[in-house]
Amino acid sequence: MPLPFLTADRAFDATDDVALPFDDHDQWRRPYRPGPWRVGAAALALLLASFVLFAAVIITAAGAVSGAAVTFGLAVLVILSALRMLRVGTWVSRHGVRRVGFFSTSTVTWARVAHARTVQQPVRWLGLPRTVQGQALILVQRGGEQITLLTDHNADFLSRIEAFDRAADTVEAWNAEYGVAVPAAATR
């Protein structure tokens, strides 16, 4: 039973895995949907936070206010971690590309980007130290510094190869539209 009023993309079919359209290119947008691993981990963290909040209510009813405050603080920390986990990823706008990590965020303007390309290389599996052979979208800056924006084995694209290809193509298209053209000889 489809419930179109519950989806973010009412105009699209619920079975399609199509990226949402970009209305305002000045706002930071994620060119893909968060993957099931990321959403599932955040949902489990929020479920844990609900149990911790319930424990804080019970501790408060028992009369231990300081213990309840610590438990409530722990619940808030888990909720903030779950929300940050959902923000992690690659975001694009007319101003540049932004790589949001759990603890840090870095932004590169399109003027500083030499090119973006998809390469075969060892990538980290779900962000863990273990590496597997996969694809990565690499952003090469004018100074030669490389930034890995997306991999096909991270929490957004694990077992979603088509979604990775579509996201990589979208970021490359943003680079082609807003980036400064660089001769091929200058990038080597």
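This structure is a prediction, so every number in the text was calculated from the model and none was measured.

Trainee: Would you mind showing me how to read the side chain of asparagine 175 here?
Mentor: Mapped onto the elements of the fold, asparagine 175 is located in helix 3 (residues 161-178). Discounting chain neighbours no more than four positions away, the residues touching asparagine 175 are Trp110, Val113, His115 and Ala116.

Trainee: Help me understand the pairing of strand 1 (residues 89-93) in this model?
Mentor: The two faces of the sheet receive side chains in turn, since in a regular strand these alternate between them. Within strand 1, 5 of the 5 residues are buried, which leaves it mostly tucked inside the rest of the structure. Alignment of strand 1 against strand 2 (residues 96-100), held across 5 bridges, turns out to be antiparallel. Bridge assignment links threonine 90 to a residue of strand 2, and that residue is arginine 99. The antiparallel pairing of strand 1 with strand 2 creates a hairpin that spans 2 residues between the two strands.

Trainee: I'm lost on the sheet that holds strand 4 (residues 113-124) in this one. Help?
Mentor: As a general point, the strands of a sheet are linked pairwise by backbone hydrogen bonds and lie either parallel or antiparallel. Reading across the sheet, the 3 strands line up as 4-5-6 and stay open at both edges, with antiparallel pairing between neighbours. In this open sheet, the two strands that pair with only one neighbour each are strand 4 and strand 6 (146-151). Within this sheet the neighbouring strands show an average axis-to-axis angle of 30 degrees, counted without direction. As paired strands, strand 4 and strand 5 (residues 131-141) are joined by 11 bridges and run antiparallel to one another. Within strand 5, the position partnered with proline 122 by the bridge is glutamine 133. Each of strand 4, strand 5 and strand 6 touches helix 3; the most contacted strand, strand 4, lies at about 160 degrees to it.

Trainee: For this particular structure, what's the right way to read the pairing of strand 6?
Mentor: The pairing of strand 5 with strand 6 spans 5 bridges and is antiparallel. Counted as the bridge partner of valine 140 is glutamine 146 from strand 6. Between strand 5 and strand 6, which pair antiparallel and follow one another directly, the connecting turn spans 4 residues, one of which, glycine 144, has a positive phi of 100 degrees.

Trainee: I keep staring at the environment of valine 123 and nothing clicks. Help me out?
Mentor: The topology assignment puts valine 123 in strand 4. Sequence-wise, valine 123 and histidine 153 are 30 residues apart; in three dimensions their C-alpha atoms are separated by 7.0 Å. Excluding residues that lie within four positions of it along the chain, valine 123 makes contacts with Arg130, Thr131, Val132, Gly134, Gln135, Ala136, Thr151, Asp152 and His153.

Trainee: Please explain the pattern of salt bridges as it appears in this structure.
Mentor: Any two side chains of opposite charge can pair, on the condition that their charged atoms come close. Overall, the coordinates contain 2 salt bridges when judged by the stated rule. Close ionic contact of aspartate 26 with arginine 94 constitutes a salt bridge, the shortest N to O distance being 2.7 Å. Placement of the pair is aspartate 26 in the segment before helix 1 (36-62) and arginine 94 in the loop between strand 1 and strand 2, with a sequence separation of 68 residues. For aspartate 26, a relative accessible area of 37% puts it in the partly exposed group. The residue aspartate 156 makes a salt bridge to arginine 38 at a minimum N-O spacing of 2.9 Å. Placement of aspartate 156 in the loop between strand 6 and helix 3 and of arginine 38 in helix 1 is noted, with a sequence separation of 118 residues between them.

Conventions we followed
Residues numbered from 1 in each chain as written. Predicted model: local features only at pLDDT ≥ 70, side-chain atom pairs only at ≥ 80, totals over all residues. Heavy atoms only, no water. Helix = DSSP H or I, 4+ residues; strand = E, 2+ residues; numbered from the N terminus. Contact = heavy atoms within 4.5 Å. Buried < 20%, exposed > 50% of the residue type's maximum accessible area, 1.4 Å probe, protein only. Pairing = 2+ DSSP bridges. Axes fitted to C-alpha atoms, helices over the stretch in contact; angles between N-to-C directions. Salt bridge = Lys/Arg side-chain N within 4 Å of Asp/Glu carboxyl O.

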